[in-house]
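# Structure at a glance
Below, each chain spelled out in residue letters.
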Amino acid sequence: MAAVFQAAHRRASSLVCRLHSTYVRKMRYLNELKENDSLCRQAQTLGTFYLFHNLSPFLQEVEKKYLVPQVSAAEMRRMLEKLKETEQWIEKSVLIGCSDEHVPQFALDLDFVVVVFYPGALEKSLIESELRGSFTDLRKALFVVDGKDSPLLASAQSLLRWHDSHQYCSKTGQPTQKNVAGSKRVRHGSRMTYYPQMSPVVITLVSDGSRCLLARQPSFPRGMYSALSGFCDMGENLEETVRREVAEEVGLEVESLWYSASQHWPFPSSSLMIACHALVRAQQAEISVDSLELEEARWFGLEEIVEGLKREPRSSKQDDGSVLPWFPPKQAIAHQLIQEWVKQQTS
């Protein structure tokens, strides 16, 4: 029996090592592409491309499902040739990942290329017709595509947006050039190098022990409530940001807090969402809403939260025109915070 167990343990250990090695090799290959322009330029001729137009990803609808097609380099060349365009467009792509088989993955915004390099050269409708799909607003796309595709689309759009808004050196006002992978931009004359950045944002689910607090911003869809959120101020640590945001937005003092998870979020312009739970005293739980930040904030009991998690936006509207509360979809980290709170209450 011991021999059987040892053999099984060796097989499991070997599998873990192989998985680990695959990940390490993949990360090192991507880093090499970022650092070696010649190697990355060669990879562009062999990789696949996620296409965007004005920062909207290209999707295809197949049997009522939305797919994110990866266009091969050969398909890209055929399309550009058919539309009488140059292969130089491919050079404007940015590296966003690679498959386990080391097939590089790039993102390319055709509208950005058109505006900056070839004004009026290519129409959005021509691309959609040629590839049999449509460019879809990212806010919709993130919630209709497969869960594994959402993070890639989000990071791709954020990187494309960053390049679009950092074409000039902030010190000299002179143009910057991206490296082939798009992992940085350089102003060679001043030796200034710019790297893509994310803004840290805390998102906090506040509880008084038996209830959780959710709020609405004026920009939210009707009926949607979510956790409190706000950008980190310069010099703040995570804990200070949570305490300040809760105090500012709802007038409560945090007694304790703990970290949950993090998520990249492409809106408004690439944020790192840092999710936390915070506890306030039940005896000091009277809400005072900052109307400059929030439209409404209130406490929710467990039963109301459970019902709200089952509810979709379309089913929240009542016959009298009112809207029942509903919460962010499962792709959003706020949904995870709410689910964790429910689990705490029911365990």
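All of the points below concern the structure found in this document. Because the structure is a prediction, the values reported are computed rather than measured. (Residues numbered from 1 in each chain as written. Predicted model: local features only at pLDDT ≥ 70, side-chain atom pairs only at ≥ 80, totals over all residues. Heavy atoms only, no water.)

## Topic: the layout of surface pockets
- Of the volumes computed, that of the largest pocket is approximately 1300 Å³.
- Lining the largest pocket are 42 residues; nearest its centre among them are Phe 143, Met 224, Trp 265, Pro 328 and Pro 329.
- Residue assignment for the lining of the largest pocket shows that the elements contributing at least two residues are α6 (138-144), β11 (199-207), β13 (228-231), α8 (238-250), β14 (256-265), β15 (271-279), α9 (302-310) and α10 (333-346).
- Broken down by element, the lining of the largest pocket gets its largest block of residues, four residues, from α6.
- Tallied by class, the residues present in the lining of the largest pocket amount to 23 nonpolar, nine polar and 10 charged.
- Split by domain, the lining of the largest pocket shows at least three residues from each of two domains, domain 1 (22-167) and domain 2 (199-346).
- Of the pockets and cavities examined, the second largest pocket occupies roughly 500 Å³.
- Considering the residues around the second largest pocket, the lining is formed by 23 residues, among which Leu 95, Ser 155, Ser 158, Leu 159 and Pro 196 are closest to the centre.
- If you tally residues by element for the lining of the second largest pocket, the top one is helix α7 (residues 150-165), at seven residues.
- Per-domain counts for the lining of the second largest pocket show at least three residues from each of domain 1 (22-167) and domain 2 (199-346). (1 Å grid on protein atoms, 1.4 Å probe; cavity = no way out; pocket = protein on both sides within 12 Å on 5 of 7 lines; lining within 4 Å. Points joined across faces, edges and corners; volume = space filled by probe spheres on them. Helix = DSSP H or I, 4+ residues; strand = E, 2+ residues; numbered from the N terminus. Nonpolar A, V, L, I, M, F, W, Y, C, P; charged D, E, K, R; others polar. Domains from an automatic or database assignment.)

## Points about the pattern of salt bridges
- For the structure shown, the criterion picks out 11 salt bridges.
- Residues Arg 211 and Asp 208 are paired through a salt bridge, measuring 2.8 Å at the closest nitrogen-oxygen approach.
- For the salt bridge of Arg 244 with Glu 248, the shortest nitrogen-to-oxygen distance reads 3.2 Å. On the criterion of helical spacing, the pair formed by Arg 244 and Glu 248 is a turn pair, its members being four residues apart in helix α8.
- If you follow the salt bridges from partner to partner, you end up with Asp 233, Glu 236, Arg 244, Glu 245 and Glu 248 in one network. (Salt bridge = Lys/Arg side-chain N within 4 Å of Asp/Glu carboxyl O.)

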